[in-house]
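Take a look at the letters that make up each chain.
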Number of protein chains: 2
Amino acid sequence: MDLRRLVYFVAVAEELHFGRAASRLAIAQPPLSRQIAQLESDLGVMLIDRSRSQIRLTQAGSVLLERARDVLERLDRTHREIKRIGEGFSGHLRVAFVGSATYGVLPNVIKAFRSAYPDVELALSAMNNAEQKRAVIQREIDIAVARPSLEDEELKSEPLLQEPLILALSDTSPLLERQVTRLAALKAETFVLYPRKPRPSFADHILNICLEEGFIPKSQVLAQDYQTAISLVSVGVGIALVPKSVSQAERPGVAYRAYEGHNPGTALSLNYRRDNRMPHLFNFLKIAQDVMRRQRKQ
Amino acid sequence: MDLRRLVYFVAVAEELHFGRAASRLAIAQPPLSRQIAQLESDLGVMLIDRSRSQIRLTQAGSVLLERARDVLERLDRTHREIKRIGEGFSGHLRVAFVGSATYGVLPNVIKAFRSAYPDVELALSAMNNAEQKRAVIQREIDIAVARPSLEDEELKSEPLLQEPLILALSDTSPLLERQVTRLAALKAETFVLYPRKPRPSFADHILNICLEEGFIPKSQVLAQDYQTAISLVSVGVGIALVPKSVSQAERPGVAYRAYEGHNPGTALSLNYRRDNRMPHLFNFLKIAQDVMRRQRKQ
DNA sequence: CGGGTTCGATACCGCGTCGTCATCAGCGTG
DNA sequence: CACGCTGATGACGACGCGGTATCGAACCCG
């Protein structure tokens, strides 16, 4: 049962006239007659009663008309549906992000994407770098928002945001009285650091900064993530270096201060498989760039 | 969107392997690759991710797979449905019949048709000859069970049953005491006759019989149909000639007797448009013949 | 009742598309 | 590094579709 024949049949069934149907289909009448005859012999059923000058549908023909219309309409809808997915206006996109991206630009990017592509279902999940890397390689997620970035042959990485580090201190700390704090002056404080694995870790990053400033923190405490670090700071365990955007989340007992000294900052990046060609991904990257450009202008 | 391509796509999507899909479709691999590529360019959407040795469906491809399966299955079901209608195993058939066919063979024919073609919806309606003729010509019904038959250039008629006439008498009639009644002996009785139009009417038929027997009934009463005639007989208005099958419906106050004399009987016929080619009609005619043959044997 | 008109069917032809075989190109693997 | 596997590409023959011309039947109308 060829689709063309179904379309032809619907035209004939609706016009009840081969000539008019043919001109509606923009073909000549003879091929139309033949296609209908062919359809009938394929099905082994008469569809059209030609016994009179005014042709008429048989019972089988009436039923086929209904069914054919339904099928053709479904195919048409499917065509449009598929096209929208192919253009990235529909479908779904799976994004993972590190916890420290929750504040700052990511929410803006998400919001912008949502309003530009409201029919795309965004699946968001928080993961640390290691989980992200595994998931994006396994194609469980499409985009990983990582800090600073995921390095792998299979992956591509694009910078999203470069931000400075700032000091997080207990709000009862005497250090707050100074206007500016030189990092090296804090060598005696307890530093809250982060997991050492996988290398190179953010812990290494912080320690390198201290080394650049000529000291190694004497006293160190480990926290799983920035939130935990901030908690430790709030109860007076020590001080921490965190990305500036983390300070956007106000926390009782914690104060933030810029510091003087080596500040390579920390980067947030968008990571995805090189071979991932889905349009949603490119749309997301484009939106992210737009948001960043706009934010930088302000 | 060609149907063949949809079938091909489903095969590839299910096998996730062009070679296997091609052999499943019993074609070579190159045309399959080309057809899929063609489908993709028709839709303007990538359906298959060929970036790895193990191919994979894109989001658009996954959705298309679902939709295509659905459409193909619908078409398959439609194919079978249409075929069944074309063979007369499904669909509907509209039959009209004269009231006097309610007893006798028609119920048996209907029953036999119902059991042979249980999925055919039978629309039954009682009509007199004039209504039947109009309805069958207007294609409002497919078969008219008429007495004796409908005559028209557009129609064809097949005998269903030839049955003798019998006398209907009041059960208090003194005529009952004789074994056999000669029709001419009843010339003084009141005869219940039937509408005179349209010509030739059943009234004419009865009067012809009387003429053959050499008399014209002196006293005549008109009844719309056999049931009314029997009612009139039951209340002692007169006597009536009715088809033998009508006597199957026992009626208090009425007795039936065979009579001696001219008895051309009366025919029941199946009537339908010459140009009506629907299989249900032929099936019905065949069943009717079978039932009649069987009944005659008994 | 016969000629003209209308409408679907048939005959034949040219072209596009499909399927085949042969071959290429990329990637993974021993 | 060579080989094998897999999908893409090229060239070619065959079939099917649509086009024009024409037929045949039914209907209309004077």
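Rules behind the numbers
Residues numbered from 1 in each chain as written. Chains lettered and ligands numbered in written order. Predicted model: local features only at pLDDT ≥ 70, side-chain atom pairs only at ≥ 80, totals over all residues. Heavy atoms only, no water. UniProt positions renumbered as here; feature names shortened; annotations may be inferred. Pairing = 2+ DSSP bridges. Helix = DSSP H or I, 4+ residues; strand = E, 2+ residues; numbered from the N terminus. Axes fitted to C-alpha atoms, helices over the stretch in contact; angles between N-to-C directions. Contact = heavy atoms within 4.5 Å. Domains from an automatic or database assignment. Near = heavy atom within 4 Å. Polar contact = N/O pair within 3.5 Å; in protein donor to acceptor, adjacent residues only side chain to side chain. Nonpolar A, V, L, I, M, F, W, Y, C, P; charged D, E, K, R; others polar.

With an unreviewed UniProt entry as reference, chain A is termed LysR family transcriptional regulator, source organism Bradyrhizobium uaiense. Its UniProt record, at the heading Sequence similarities (unreviewed entry), says of chain A: "Belongs to the LysR transcriptional regulatory family." For chain A, the Function (unreviewed entry) comment in UniProt is given as "NodD regulates the expression of the nodABCFE genes which encode other nodulation proteins. NodD is also a negative regulator of its own expression. Binds flavonoids as inducers."

A few points about the sheet that holds strand β5 (residues 143-146) of chain A
All names here are of chain A. The mixed open sheet is built from five strands, whose spatial order is β4-β3-β5-β14-β6. Each having just a single partner strand, β4 (120-126) and β6 (155-163) make up the two edges of the open sheet. Each adjacent strand pair in this sheet contributes to an overall mean axis angle of 20°, direction not counted. Pairing geometry for strand β3 (residues 91-97) and β4, over seven bridges, is parallel. Looking at β4, one finds that glycine 91 is bridged to valine 120. Where helix α9 (residues 279-297) meets the sheet, it contacts β3, β4, β5, β6 and β14 (266-273), and its direction lies at approximately 55° from that of β3.

Structural notes on the domain arrangement of chain A
By the assigned domains, chain A splits into domain 1 (3-86), domain 2 (91-162 + 267-297) and domain 3 (165-264). For domain 1 of chain A and domain 2 of chain A, the distance between their C-alpha centres works out to 48 Å.

What about the protein's contact with DNA strand C?
What surrounds DNA strand C is a group of 17 residues, the closest being Ser33 and Arg50 of chain A together with Arg5, Tyr8 and Ala28 of chain B. Those atoms of DNA strand C that come within 4 Å of the protein belong to sugar or phosphate at a rate of 66%. Arginine 50 of chain A is positioned such that a nitrogen or oxygen atom in its side chain is 2.3 Å from a phosphate oxygen of DNA strand C. In the model, a phosphate oxygen of DNA strand C is placed 2.5 Å from a nitrogen or oxygen of the arginine 5 of chain B side chain. Elements with a minimum of two residues in the surface near DNA strand C: α2 (18-25) and α3 (29-43) of chain A together with α1 (3-15) and α3 (29-43) of chain B. Residue contributions to the surface near DNA strand C peak at four residues, all from α3 of chain B. Its residues assigned to classes, the surface near DNA strand C comprises seven nonpolar, five polar and five charged.

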